[in-house]
Amino acid sequence: MNKTEMTQFLSQKLSFWKNLTSEQKTLLVDSAVERTFEQYSTVHNSLDRCLGIILLKSGQLRVYISGEDGREVTLYRLYGGDICTLSASCVMDAVSFEVMVSAEETCRAVVLSALAYRQLMESNVYVKAYTYELTVQHFADVMWSVEQVLFMGADKRLAIFLNDEIAKTGSNVIQLSHEQIAKYMGTAREVVSRMLKYFASEGIVTLSRREITVIDKKKLRSLMMNCQTKCNT
């Protein structure tokens, strides 16, 4: 992507673009780098220097936190067209925790330098307002994930996860392993396997290798609304 193409891309993706000076636009374009992240690679972790703002063009990113015991809790996922600000938490003084970002699929993205972006935030109120508004939206997803982990049983969380997946993909077939689902839910693989077997016994899903087919959406949604925990998380 040359500078003209990058300028056009950023002008379409960033609502504050029209409020930048010529010098600020040049700074942003010069700081932007097109990147490809291979599937299952680590995009950002707490040991890395601050990556910057990620403008995802295609693919899927997972933003998560990891405990000392190795347990992971997925905070949210990003898809083509989404923007990740928590990968540049160093530019926001109010954000004091580190997140991990991994590529669930091969991703193409544009990354804006953290240093250049911080300069823009400090000099342009529109950039600051935009960034904090987007971060607040991410925190809404974070709080929803935390609420599920803390207050919902494994059965209801799994029902919500499966329902969200078929809504996102438009398909009743979910091609994820039990291990992957456990990482997304922030629980153990054994818990997911037990709950899926229970769902299968209730005629909600059928199971095959790395594939789950939802065959009764009505029962699945009923579990989301009113269900009893069948096992501990």
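It should be emphasised that the depicted structure is a prediction, and the values quoted were computed from it without experimental measurement.

A. Up close: the overall build of the protein. Each helix and strand in the protein was counted, giving 8 helices and 11 strands. Counting only C-alpha atoms, the protein reaches 65 × 30 × 30 Å along its principal axes. With 233 residues in all, the protein has 47% of them scored as buried. Of the contacts formed within the protein by residues at least 6 apart in sequence, a portion of 70% connects residues at least 24 apart. A total of about 12000 Å² of accessible surface is found on the protein, and carbon and sulfur atoms cover 49% of it. Once the 27 positive and 26 negative side-chain charges of the protein are each reduced to a mean point, those two points are 5 Å apart.

B. View of the packing of aromatic side chains. Counting across every chain of the model gives 4 aromatic pairs. Following the ring pairs from residue to residue traces out a cluster consisting of F16, Y117 and Y130. Over the aromatic face of F9 sits the side chain of K57, whose NZ or CZ is 5.4 Å from the ring centroid. In this arrangement the basic side chain of R77 is found over the ring face of Y184, its NZ or CZ atom lying 4.2 Å from the centre.

C. Just the confidence of the model for the protein, in detail. Counting all residues, the mean pLDDT for the protein is 86, and 93% of those residues have values of 70 or more. Low pLDDT, under 50, characterises residues 227-233; the predicted model gives this stretch 21 contacts beyond four residues in sequence or across chains.

D. A look at helix α1 (residues 3-13). If you check which residues of α1 are buried, you get M6, F9 and L10. Buried positions in α1, seen along its axis, are confined to an arc of 95 degrees and lie on one side of it. When the buried face of α1 is taken as reference, the exposed residues oriented beyond 90 degrees from it are T4 and Q12. For α1, the secondary structure elements touched by its buried residues are α2 (22-31), β1 (32-37), β3 (52-58) and β8 (107-113). Its side-chain oxygen at 3.1 Å from the backbone nitrogen of T4, N2 defines the N-terminal cap of α1.

E. Structural view of the environment of R49. Position of R49 among the secondary structure elements: in the loop between β2 (42-44) and β3. In this structure R49 comes out as exposed when scored by relative accessible area, which is 71%. Counting along the chain gives 65 residues from R49 to A114, while the straight-line C-alpha distance between them is 9.4 Å.

F. Main features of the packing of helix α5 (residues 154-169) against helix α8 (residues 217-225). Viewed as axis vectors pointing N to C, α5 and α8 meet at an angle of 135 degrees, and their least axial separation amounts to 8 Å. As summarised for this structure, α5 and α8 are arranged oblique, according to the angle between their axes. The two elements α5 and α8 meet at a crossing, and its hand is left-handed. Residue-level contacts link K156, A159, I160, L162, N163 and I166 of α5 to K217, L220, R221, L223, M224 and M225 of α8. Looking at side-chain class alone, the contact of α5 with α8 contains 8 nonpolar, 1 polar and 3 charged residues.

G. Up close: the sheet that holds strand β4 (residues 60-66). Pairing in this open sheet of 4 strands is antiparallel, and the strands run β2-β7-β4-β5 from one edge to the other. Two strands bound the open sheet, and with one partner strand each, they are β2 and β5 (72-79). In this sheet, neighbouring strand axes are inclined to one another by 30 degrees on average, regardless of whether the strands run parallel or antiparallel. The sheet contact formed by β4 and strand β7 (residues 100-103) spans 4 bridges and is antiparallel. Each bridged residue has a counterpart across the sheet, and for Y64 the counterpart in β7 is M100. In the packing of helix α6 (residues 178-185) onto the sheet, the strands contacted are β4 and β5, and the crossing angle to β5 comes to about 95 degrees.

H. Spatial organisation of the pattern of salt bridges. According to the stated counting rule, one finds 9 salt bridges in the structure shown. A salt bridge links E34 to K57, with the shortest nitrogen-to-oxygen separation between them at 3.0 Å. Of this pair, E34 sits in strand β1 while K57 sits in strand β3, placing them 23 residues apart in sequence. For E34, a relative accessible area of 32% puts it in the partly exposed group. As a salt-bridge pair, R108 and E34 come within 3.2 Å of each other at their nearest N and O atoms.

Conventions used here
Each chain has its residues counted from 1, following the order in which its sequence is written. Given that this is a predicted model, residues contribute local features only at a pLDDT of at least 70 and side-chain atom pairs are listed and counted only at 80 or more, while totals for whole chains, interfaces and linings are drawn from all residues. With hydrogens and water set aside, each side-chain value is computed from the structure's full complement of heavy atoms. Only DSSP runs of H or I reaching four residues or more are called helices, and only runs of E reaching two or more are called strands; each is numbered from the N terminus. Only protein chains enter the accessibility calculation, which uses a 1.4 Å probe; a residue whose area is less than 20% of its type maximum is buried, one above 50% is exposed, and one in between is partly exposed. The contact criterion used is simple: two residues touch if any of their non-hydrogen atoms lie within 4.5 Å. Accessible surface area values rest on a Shrake-Rupley calculation with a 1.4 Å probe, where residue burial reflects the displayed protein chains alone. Charged residues are defined narrowly, with Lys and Arg counted positive, Asp and Glu counted negative, and His plus the chain ends left uncounted. To locate a charge, take atom NZ for lysine, CZ for arginine, CG for aspartate or CD for glutamate. A pair of Phe, Tyr and Trp rings is counted when the ring centres sit within 6.5 Å of each other, with Trp represented by its six-membered ring. The angle between the planes then sorts it: under 30 degrees is stacked, over 60 is edge-to-face, the rest tilted. We call a charge positioned above a ring when the Lys NZ or Arg CZ atom is no farther than 6 Å from the ring centre and deviates by at most 35 degrees from the ring normal. Across the chain, each position has a pLDDT score giving the predictor's confidence in that residue, from 0 to 100. Comment: arc refers to directions from the helix axis out to C-beta atoms. Contacts described as polar in this section are N or O atom pairs within 3.5 Å, which, within protein, must combine one atom able to donate a hydrogen with one able to accept it, while residues neighboring in sequence count only if both atoms come from side chains. Here the axes come from fitting lines to C-alpha atoms, over the contacting stretch only for helices, and the angles between their N-to-C directions go from 0 to 180 degrees. Orientation is classified from the angle alone, with under 35 degrees giving roughly parallel, over 145 giving roughly antiparallel, 65 to 115 giving roughly perpendicular, and any other angle giving oblique. Note on convention: near helix rotated counterclockwise from far helix by under a right angle means a left-handed crossing. Clockwise means right-handed. For this classification, Asp, Glu, Lys and Arg are treated as charged, while Ala, Val, Leu, Ile, Met, Phe, Trp, Tyr, Cys and Pro are nonpolar and the rest, including Gly, are polar. We treat two strands as partners when DSSP finds at least two bridges between them. What counts as a salt bridge is simple: a side-chain nitrogen of Lys or Arg found within 4 Å of a carboxyl oxygen of Asp or Glu.

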